[in-house]
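# Residue-level structural notes
The chain contents come next:
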Amino acid sequence: MVNVIACGALASDLIELDRERGWGLSIHPLPPLLHNHPERIAGQVEELLDRIEPPTLIAYSDCGTYGALDEVCERRGVQRLPGAHCYDVYAGSDGIEQIMQAEPGTYLVTDFLVRGFHRTVMVELGLDRHPDLRDDYFGNYRRVVWLATRTDDGELTALAHEAAQALGLPLEIRPVGRERLAAAVEQMLESAGQNSFFQTGVQELQ
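Notes on the structure follow. Please read these numbers as outputs of a predicted model, since none were measured by experiment.

On to the environment of His37, then. Within the secondary structure, His37 is located in the loop between strand S2 (25-30) and helix H2 (41-49). Taking relative accessible area as the criterion, His37 reaches 27% and is therefore assigned partly exposed.

With that settled, consider the pattern of salt bridges. According to the stated counting rule, one finds 18 salt bridges in the structure shown. A salt bridge links Glu16 to Arg178; its shortest N-O distance comes to 2.7 Å. Pair noted here: Glu16 is in helix H1 (residues 11-21) and Arg178 is in the loop between strand S7 (171-175) and helix H10 (179-191), with a separation of 162 residues, a long-range link. With its nearest N and O atoms 2.8 Å apart, the salt bridge here joins Glu71 to Arg75. Note that Glu71 and Arg75 are positioned in helix H3 (residues 68-76) at a spacing of four residues, about one turn of the helix. Arg75 gets classed as partly exposed once you look at its relative accessible area, which sits at 46%. In the salt-bridge network here, residues are joined through shared partners; they are Asp13, Glu16, Glu20, Asp111, Arg150 and Arg178.

On to the packing of H2 against H3, then. Remark: H2 packs on H3, axes separated minimally by 8 Å, with the N-to-C direction vectors making an angle of 25 degrees. When the axis of H2 is compared with that of H3, the two are roughly parallel. Counted together, Ala42, Val45, Glu46 and Leu49 of H2 and Ala68, Leu69, Val72, Arg75 and Arg76 of H3 form the full contact between these two elements. For the contact of H2 with H3, the residue count by class is six nonpolar, no polar and three charged.

Parameters and conventions
Residues numbered from 1 in each chain as written. Predicted model: local features only at pLDDT ≥ 70, side-chain atom pairs only at ≥ 80, totals over all residues. Heavy atoms only, no water. Helix = DSSP H or I, 4+ residues; strand = E, 2+ residues; numbered from the N terminus. Buried < 20%, exposed > 50% of the residue type's maximum accessible area, 1.4 Å probe, protein only. Salt bridge = Lys/Arg side-chain N within 4 Å of Asp/Glu carboxyl O. Axes fitted to C-alpha atoms, helices over the stretch in contact; angles between N-to-C directions. Parallel < 35°, antiparallel > 145°, perpendicular 65-115°, else oblique. Contact = heavy atoms within 4.5 Å. Nonpolar A, V, L, I, M, F, W, Y, C, P; charged D, E, K, R; others polar.

Spelled out as structure tokens, the structure:
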């Protein structure tokens, strides 16, 4: 069994993909609110590495650690997800670059951020208590882009519109699916020595 130390914002998708694809992973989520404190990510990943048995994979991108997570991964001999942040994992680095080139003032959200928008954004930034601060935080943004893995979920779509409305911005829905996340995990598993089981699936997704 392969252990996966996962960003809490990716955990639900990883659990569903593990069930669908029969990877047999043991997923260990870290608190998703670490996204608001990226300076703590590398340390908490390493603390968890000390408590679980290898082989272990890290389901984080750099996520604002500015190389600190890479230093842990290199020193401990583990792999992490590619990219600068989880948006790359869902939409691809080229896709994110295109979105930002089209409109630099883009605020990106994932399914997780849509579901937990009030707690993760409004409460954490104090906007539930001080709504007058909204323009201080978001005055330079021009749109919200939802990187949606599911577009047939009416409740999630309604929450995405509510999140954009709370920021006073228009919403654009960009369907991305979970194929890139699945392929990235399978590539790490293959590299970790699971070639016989995963090689075909990885080739099909590329």
